[in-house]
Structures are given as structure tokens and as C-alpha cells.
Amino acid sequence: MSTQDEERFDHLELLRAKATRRTSAITHLPAYAGAAVVTLMIVKVALVSRGAPSTMLALIADAGVLQVTAGTVILLLPFSGIVVTYANEEIYKFRLMSKVKRREIQVGIYLTIFILSFLLVWSWVAVVIGFLLLRHLLFLWDKKRGRAVEQSVPLSRDEWLQKPPSDIECYALWQQVKLKLEEKEALRSRPSFDLATISEIQSAIDDLVEQFNERVSAIDREKFSQGSVVGSFMISYAFILLIQFLGNDRPWFPAEEVGLNGGGREIGYVVNSSDSWTTILRERERAVVRIRSELIMSRDLCSTSGRDEINTKTLWRITLDQKAVYKKCPSPRKG
């Protein structure tokens, strides 16, 4: 076998195998998402405790795994836009999916976006909606362009014959067409030739070209080149979110100013509270302290970001006048 033949492969088989892998990815998406949440939960606890093993263990022991998981999921809500966009992308790519199944997934996507619009900042929701609209426009463009390139053989027969296709089946058909054309030209170069034979050869050539076009059309139907554009945007979006997540050591608890008996106060996060003891994660040194609940006189929410904190403007509250609701946290004070 020549080196030229060894470089050829079955494009259609590879694309269908890729579609099978995509289907498997969609099927196992909940498992992948669960593994990602657990991993990021561990990372978040490490960030909050700033790497101190004792603080990490105290947080998990006092807050509980359920609370830690729920808090991490809330902080990961912006990543849900990536999952929604990925699911939408696979709907367009996987053409063998039934219309009923496709509609079910689309309804789930739109319902998820509707719920997120009440939870996330309006700009994040706008980005996700922008991704979906962009993908639909690219799909329409691909569809229109696909009709325009339905004729797979170039206008110039000589150009087509000089460029052997890389797909193994297309290459076999291309070789047969080339041999038939050479046979036809050899017959026509003779002083006398049989028109019926030439007609049969031409009919065979037409059949081979039709098979070639059908093969190329089947490959085009399995291939969505514009999908990589949306994929690049998705990767960039996920990368930005991941950087923000890893660069933020804020816990999932709200910051509080805890007033103590005797005039002292603690600034931090109440991890757990009972009638006997209250566990607080201090903001400044991220140490876990336990205080008798009877010594706590007041608890007021505050902002540790260095500025007054305002309500999140969701898509449904974008036009409302938002006022600051949590003031900046004061400095700790000894009792």
C-alpha cells in the first residue's frame, strides 16, 4: 500500500463515531456534573480556609457536608450557563436525535434559563441567551450554505481530477471515474469508435459521480464547521468563570457582625449555631472559634468587599432602583 493510500480514512465513520461519543457525553452529563461539583466543593473549602487543614476539617464538621455542598452549588450557578449552552450545542450537532427528544431537551433548556433569570445577574443571563441565539444563527447559515454547495464536484473537471479526496470511499469513486474517463478518451481517439460503448461508459461515469456527491453530502450533513465558533466562546466563558471562582476565597455564608456581651464583636461567618454554642469563621485570619450562644447579643449582616453591598440586579429587576442593603463590615473589637 502506498503512503498516499495510508493517509486516507473514512470521514463518515469518524464523524459518526464522534456523534456517538457526544451522545454518550450527554447521557453521562449528570454524573460528570456531580463529579465536578464534588471537586470544586473541595477546592472551595480549601480556598475559604486558606489551606489550613484544621480549619478545613472544622468547617466540614460544623457546617456539615450537605450545607457545604449546597453553598458550593449556589456559588457555581453561573457555570450552569455553560451546561445549558453545551446541551443546546449538542442538539444542533446530533442530527440523528428524534424531534420529540430534541424538543424535550429544548424545553428543559428554556425552563432552566427562566429559573436562572431569577437568580443570576442579568448580564450572565444575557450572555447565555446570546450564545443560544448565536448558535441558531450559525445553524441557519450552515443550512443555507449547505444548499449552496450541494454540487460537490468543482466546476472544472480537471481541477477535480487533480485533487484526490482524503475520504477513502470518495477516493475509490474518484479513481473509478478517472479510469472511466481515460477509457472514454482512448476510445474517442480511435479513427472509428462505437457510440453505444461510449454512451455506456458515460452512463457509468454519471453513476459514479452521483455516488460521489451522495457520499460528500452525507459527510456534510454530519459535519457542522460553525459549531467550533460557539465552542470557542463557551471555553472562553468557562475559563473566565473558573478564574473568578478560584480567585475568590469568600465563603458561601453571609458575613456578619456578631455583637458580644461586654461590647466586643466578631466579624466573620456563622458556620453553625445552637442554643449552647455558635461556631464562627473569622474573616481576617480565617480561624474557627466557638462562642457560647448566651454571650451573643446581636447579629447583623454586613459586606466584607470594602464597599456597601447592593441587591443583585436580575433580569426581572434590571429597571428597578437598587439601594444599598448591607453596609461595610467594621473592624473586629475585643470585649
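Here the residue numbers are simple positions, counted from 1 along each chain's written sequence. Local features are withheld for residues below a pLDDT of 70 in this predicted model, meaning they are given only at 70 or higher, and side-chain atom pairs are given and counted only at 80 or more; totals for whole chains, interfaces and linings count all residues. Calculated side-chain values reflect all of the structure's heavy atoms, with hydrogen atoms and water omitted.

Draft legend 1. Structural context of the sheet that holds strand β4 (residues 288–292). One bridge is not enough; two strands pair if DSSP finds at least two bridges between them. Working definition: helices are DSSP H or I runs of at least four residues, strands are E runs of at least two. Numbering for both runs from the N terminus. Spatially, β4-β3-β2-β1-β5 is the arrangement adopted by the five strands of the open sheet, whose pairing is antiparallel. The open sheet has two free edges, formed respectively by β4 and β5 (296–301), since each of these has just one partner strand. The average undirected angle you get between the axes of adjacent strands in this sheet is 45°. Two elements, strand β1 (residues 255–260) and strand β2 (residues 265–273), share five bridges in a ladder whose sense is antiparallel. Paired with E256 across the strands is G268, a residue of β2. Running over the sheet, helix α4 (residues 53–63) touches β2, β3 (277–282) and β4 and is turned about 55° from β2. Only C-alpha atoms enter the line fits that serve as axes; for helices the fit covers just the stretch in contact. Angles between N-to-C directions range over 0 to 180 degrees. By definition in these notes, contact holds between two residues if any of their heavy atoms fall within 4.5 Å.

Draft legend 2. Representation of the packing of aromatic side chains in the model. Between the rings of Phe, Tyr and Trp (Trp by its six-membered ring), a pair exists once the centres lie within 6.5 Å; its type follows the angle of the planes, with under 30 degrees stacked, over 60 edge-to-face, and the other angles tilted. Applying the stated rule across the entire model yields three aromatic pairs. Seen from their ring centres, Y171 and W174 are 5.6 Å apart, and the 20° between their planes marks the pair as stacked. In this pair, Y171 and W174 both sit in helix α10 (residues 168–188), three residues apart, roughly one turn of the helix. Each member of the pair, Y171 as well as W174, carries the same accessibility label: buried. Look at W252 and F253: their rings are 4.9 Å apart centre to centre, the planes differ by 40°, and that puts the pair in the tilted class. Sitting above the plane of the F245 ring, K44 keeps its charged end 5.4 Å from the centroid. Partly exposed residues are those whose accessible area sits between 20% and 50% of the maximum for their type, while under 20% is buried and over 50% is exposed, using a 1.4 Å probe and protein chains only. Here, a charge over a ring is recorded when the distance from Lys NZ or Arg CZ to the ring centre is within 6 Å and its angle to the ring normal is within 35 degrees.

Draft legend 3. Fine view of the pairing of β1. Of all six residues in β1, five are buried, a share of seventy percent or more. In this structure, the hairpin formed by β1 and β2 is closed by a connection of four residues, where G262 is found at a positive phi of approximately 105°. Where β1 lies against β5, five bridges are found, and the strand directions are antiparallel. Paired with E256 across the two strands is L301, which belongs to β5.

Draft legend 4. Spotlight on the nonpolar core. We define a nonpolar core as any set of buried Ala, Val, Leu, Ile, Met, Phe, Trp, Tyr and Cys residues linked to one another through side-chain atoms lying within 4.5 Å. Judged by nonpolar contacts, the single largest core of 17 residues is most densely connected at I109, I113 and Y237. The set of elements that each furnish at least two residues to this core consists of α6 (80–93), α7 (99–116), α8 (122–148) and α12 (227–246). If you tally residues by element for this core, the top one is α8, at four residues. Counting residues in each nonpolar core, the second largest holds 16 residues, with L161, L181, L187 and V209 among its members.

Draft legend 5. Summary view of the pattern of salt bridges. Salt bridge, as applied in this entry: a Lys or Arg side-chain nitrogen positioned within 4 Å of an Asp or Glu carboxyl oxygen. Summed over all chains, the structure comprises 10 salt bridges. In this structure, the salt-bridge partner of E285 is R282, at a minimum N-O distance of 3.1 Å. The partly exposed category is assigned to E285, whose relative accessible area is 43%. Of the charged contacts, one joins E283 and R286 as a salt bridge, the two residues approaching to 3.2 Å between their closest N and O atoms.

Draft legend 6. Quick peek at the environment of R290. Looking at the element boundaries, R290 is found in strand β4. C-alpha of R290 to C-alpha of T278: the two residues are 12 residues apart in sequence and 5.6 Å apart in space. Every residue in contact with R290, bar those within four places of it in the chain, is listed here: D62, W277, T278 and T279. Of the polar contacts made by the side chain of R290, one reaches the side chain of D62; its length is 2.8 Å. Counting of polar contacts relies on pairs of N or O atoms within 3.5 Å, with two restrictions inside protein: one atom must be capable of donating a hydrogen and the other of accepting it, and residues adjacent in sequence are counted only when both atoms are side-chain atoms.

Draft legend 7. Summary view of the environment of A87. Relative to the assigned elements, A87 resides in helix α6. Accessibility expressed as a relative area gives 17% for A87, which makes it buried. Put simply, A87 and A25 are 62 residues apart on the chain and 9.9 Å apart in space, counted from C-alpha to C-alpha.

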